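Architecture at a glance
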Number of protein chains: 2
Amino acid sequence: MVHILDEATVLTRSGDVFSGRTHPYYWNFTGPFGGFTGGALMRAVLEREHIGDPVAMTVNYCSPLVEGDFEIAIKSPRTNKSSQHFSLELSQGDAGIAATATAVTAIRRESWDHAPKQSPDGGQPEDFKDVVFPKAAMAWLSRYRFRLADGELNFGRTPRAENASARSVMWMADNPARPVDFISLMAMSDAFLARIAQVRGAMVKLGTVSMTTYFHVSAEELAANGDAFVLGMADATVFHRGFHDQISEIWSRAGVLLATSHQIVYYRD
Amino acid sequence: MVHILDEATVLTRSGDVFSGRTHPYYWNFTGPFGGFTGGALMRAVLEREHIGDPVAMTVNYCSPLVEGDFEIAIKSPRTNKSSQHFSLELSQGDAGIAATATAVTAIRRESWDHAPKQSPDGGQPEDFKDVVFPKAAMAWLSRYRFRLADGELNFGRTPRAENASARSVMWMADNPARPVDFISLMAMSDAFLARIAQVRGAMVKLGTVSMTTYFHVSAEELAANGDAFVLGMADATVFHRGFHDQISEIWSRAGVLLATSHQIVYYRD
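Procedures and definitions
Residues numbered from 1 in each chain as written. Chains lettered and ligands numbered in written order. Predicted model: local features only at pLDDT ≥ 70, side-chain atom pairs only at ≥ 80, totals over all residues. Heavy atoms only, no water. Helix = DSSP H or I, 4+ residues; strand = E, 2+ residues; numbered from the N terminus. Rg over C-alpha atoms; globule rule 2.2 N^0.38 Å. Buried < 20%, exposed > 50% of the residue type's maximum accessible area, 1.4 Å probe, protein only. Contact = heavy atoms within 4.5 Å. UniProt positions renumbered as here; feature names shortened; annotations may be inferred. Phe/Tyr/Trp six-rings, centres within 6.5 Å; stacked < 30°, edge-to-face > 60°. Polar contact = N/O pair within 3.5 Å; in protein donor to acceptor, adjacent residues only side chain to side chain. Pairing = 2+ DSSP bridges. Buried area = accessible area lost by both parts, 1.4 Å probe. Salt bridge = Lys/Arg side-chain N within 4 Å of Asp/Glu carboxyl O. Least-squares fit on C-alpha atoms with pLDDT ≥ 70 in both. Core = buried A, V, L, I, M, F, W, Y, C linked by side-chain atoms within 4.5 Å. Expected span 1.5 Å × (residues − 1). Disulfide = S-S within 2.5 Å.

Here we look at the overall build of chain A
- Counting its regular elements, chain A contains five helices and 13 strands.
- For a compact globule of 269 residues, the expected C-alpha radius of gyration is about 18 Å, and chain A comes in at 18 Å, within 12% of that figure.
- When the backbone C-alpha atoms are referred to their principal axes, chain A occupies close to 55 × 50 × 40 Å.
- Looking at the 269 residues of chain A, the share that counts as buried comes to 61%.
- Across chain A, every contact between residues at least 6 apart in sequence was considered, and the portion connecting residues at least 24 apart equals 70%.

Digging into the UniProt feature "domain: Acyl-CoA thioesterase-like C-terminal" (unreviewed entry) in chain A
- Cross-referencing UniProt, the feature "domain: Acyl-CoA thioesterase-like C-terminal" (unreviewed entry) maps to residues 125-266 of chain A in the present numbering.
- Across residues 125-266 of chain A one finds 13% helix and 37% strand; the C-alpha atoms that close the span lie 31 Å apart.

As for the UniProt feature "domain: Acyl-CoA thioesterase-like N-terminal HotDog" (unreviewed entry) in chain A
- Per the UniProt record, "domain: Acyl-CoA thioesterase-like N-terminal HotDog" (unreviewed entry) is annotated on residues 25-105 of chain A.
- The span residues 25-105 of chain A is 17% helical and 47% strand by assignment, and the distance between its end C-alpha atoms comes to 29 Å.

Re the packing of aromatic side chains
- Here the structure, examined in full by the defined rule, presents 24 aromatic pairs over all chains.
- Taking 6.1 Å as the distance between ring centres and 75 degrees as the angle between the ring planes, the aromatic pair formed by W140(A) and Y144(A) counts as edge-to-face. Judged on exposure class, the residue W140(A) and its partner Y144(A) are both buried.
- Taking 5.6 Å as the distance between ring centres and 65 degrees as the angle between the ring planes, the aromatic pair formed by F239(A) and W112(B) counts as edge-to-face. Of this pair, F239(A) sits in strand β11 (residues 239-240) while W112(B) sits in the loop between β6 (97-106) and β7 (144-150), each in a different chain.
- Owing to a relative accessible area of 1%, F239(A) belongs among the buried residues under this scheme.
- Judged by relative accessible area, W112(B) falls into the buried class, the value being 15%.

A few points about the environment of N175(A)
Residues and elements named next belong to chain A.
- Relative to the helices and strands, N175 resides in the loop between β8 (168-174) and α3 (182-188).
- Through-space distance from the C-alpha of N175 to that of I4 is 8.7 Å; in sequence the pair is 171 residues apart.
- Looking at N175, its side chain comes within polar contact range of the main-chain oxygen of S142, at 3.1 Å.

Comments concerning the pairing of strand β5 (residues 83-91) of chain A
Residues and elements named next belong to chain A.
- Of all nine residues that make up β5, seven are buried, and the element is covered over most of its length.
- Pairing between strand β4 (residues 69-79) and β5: seven bridges, direction antiparallel. Paired with I72 across the strands is L90, a residue of β5.
- The antiparallel hairpin formed by β4 and β5 contains three residues in its connecting segment.

Comments concerning the interface of chain B and chain A
- In this complex, chain B contributes 65 residues to the contact, which on the side of chain A involves 66 residues.
- Note on chain B versus chain A: buried area summed over both sides is about 5,700 Å², and carbon and sulfur give 54% of it.
- In this structure, the connection of chain B to chain A is made through eight salt bridges.
- In this structure, R241(A) engages E221(B) in a salt bridge whose closest nitrogen and oxygen atoms are separated by 3.6 Å.

Observations regarding the relation of the copies chain B and chain A
- Of the transformation placing chain B onto chain A, the axial shift is 0.0 Å and the rotation is 180 degrees, giving an RMSD of 0.0 Å. As the rotation angle and translation indicate, the two copies are arranged about a two-fold axis.
- Residue by residue, 100% of the interface of chain B is reproduced at the interface of chain A, so both copies engage with the same surface.

A closer look at the nonpolar core
- The biggest cluster of nonpolar side chains holds 70 residues, and the ones touching the most others in it are M57(B), I72(B), L88(B), W140(B) and F146(B).
- Among residues more than four places away in sequence, those in contact with L88(B) are L41(B), A44(B), V45(B), M57(B), I72(B), A73(B), I74(B), A99(B), T100(B), A101(B) and T102(B).
- Within the second largest apolar cluster, 59 residues are counted, among which are L11(A), I72(A), A99(A) and Y144(A).

Side note on helix α2 (residues 34-47) of chain A
Residue and element names in this part refer to chain A.
- With 14 residues, α2 extends 20 Å from end C-alpha to end C-alpha; this agrees with the ideal 20 Å at 1.5 Å per step.
- α2 sits mainly inside the fold: 12 of its 14 residues count as buried.
- Of all the positions in α2, only G34, G35, F36, T37, G38, G39, A40, L41, M42, R43, A44 and V45 are classed as buried.

Considering the state of the cysteines
- Applying the stated criterion to the full structure yields zero disulfides over all chains.
- Not part of a disulfide, C62(A) finds its nearest cysteine sulfur in C62(B), a span of 19 Å.
- Its relative accessible area of 3% is what places C62(A) among the buried residues.

Looking at the pairing of strand β8 (residues 168-174) of chain B
Residues and elements named next belong to chain B.
- Where burial is concerned, most of β8 is hidden: seven out of the seven residues are buried.
- Judged by which residues are buried, β8 turns out to be covered on both faces: S168, M170, M172 and D174 on one side and V169, W171 and A173 on the other are all buried.
- Sheet topology note: the β8/strand β10 (residues 230-235) ladder contains five bridges and is antiparallel. Within the sheet, the bridge partner assigned to M172 lies in β10 and is V230.

Some remarks on unusual backbone geometry
Residues and elements named next belong to chain A.
- For the peptide bond that leads from N175 to P176, omega is 5 degrees, which places it in the cis range.
- In this structure, P176 sits in the loop between β8 and α3.
- Residue R241 is not a glycine yet carries a positive backbone phi of 45 degrees.
- Of note, R241 is situated in the loop between β11 and β12 (243-251).

Next comes the structure, spelled out in structure tokens:
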């Protein structure tokens, strides 16, 4: 059985070009969910020759992908002894370039380690029920299970009178369950709903402009989580003149920091 | 009088290639200070035709620059109605590509605004004295004035027994004074010393691998700070198997959030 995330992001390689196709199950408002695009770009890196495991990936969302085929051109501007750099462009024929990305992979050696921060207080996933989405909600939401320990998911159209906190804490898992890897982690980085929806209590016109995810474990360490829920935290610092930031953390069920992610979001409100 | 930052990052344009040269005054351990490289890349974006003001820039440090000339090749994979995307490569002839970057510029329209976070408590810059660097310190440090409200700068070689907090708060300014702009803000994003030096109380072998800065104000709003000190905060979440993250904020003297920045740092300890 191929998991839907792997089926949707499947790529065919021809030299340094990987071909894929958008998938209706990961559809957002006007194109695929940004995490789908990030996941496909990560797959291109992993399916190309590379050194070590992903350490960083930045995706710039230039324009919504249109339904249909896409090509990811990948090149490696630099190969070092224990790390490697990548530049990627996702294009769709006449529709042009829809996304650019850069990535760094590296061999993670043993070192002096230090974890000054703890995972947020989210209890256990069993303490909460799955969020149920409205029928008209974007398709990609059903590709995940979300269990909110703090915060809300809002799909209304009318902003509330008072601003809510931008912070939320939630248990997250692929639906159906799938062992977490760098592809799913890259996709989950964008699975926190844009902070403005939480603060305003309503959906507004918005889109991720650029997202960067840092990975803090090796593939082996990541595999230890299996398909258990991971704990996500998302927050924002400022909403100003049409853009807001978003910071997030993804922790393993056992409390190990798997990834931190940052994005800048365009909004019209 | 041309400020040293502008003199050091001066570029000569030939089509979509900008030529520059490393400068000894911004030298770090084994190449220019990463903020110099970021500043030069930002200058290339600003001196090329572009829409609006910088919103995001990611710089991947592929390899230390060698002393001498460099070329920045810039292209724009996408131009939208009110935003534009850029991809850049900084190369040095036979030495190859030393850095890659992506950037997004956009016109910032009036919108619903919200500032959920306040600037860190740093008193006033007049409350503190300039940090005095050891004579053997890296040249670029003298291009700044740092006034520490919280945290330390450490240049020793022997790690302390107990880990210190990764967080520091400091007033920062170009030295000599220079009105803050997107070039200096990009450079300052990398002017916080790597968090491992603060936590360990000593310098170890380290280098920024990738850095992303988000800008939260327009050029006009940024200009309001003039050449006053800005307030910087830097922190880290995890140090693990040779890499640690770093998050930072830069606030205007008046308490407006100018930029947030994130980086992943390689270390050997």
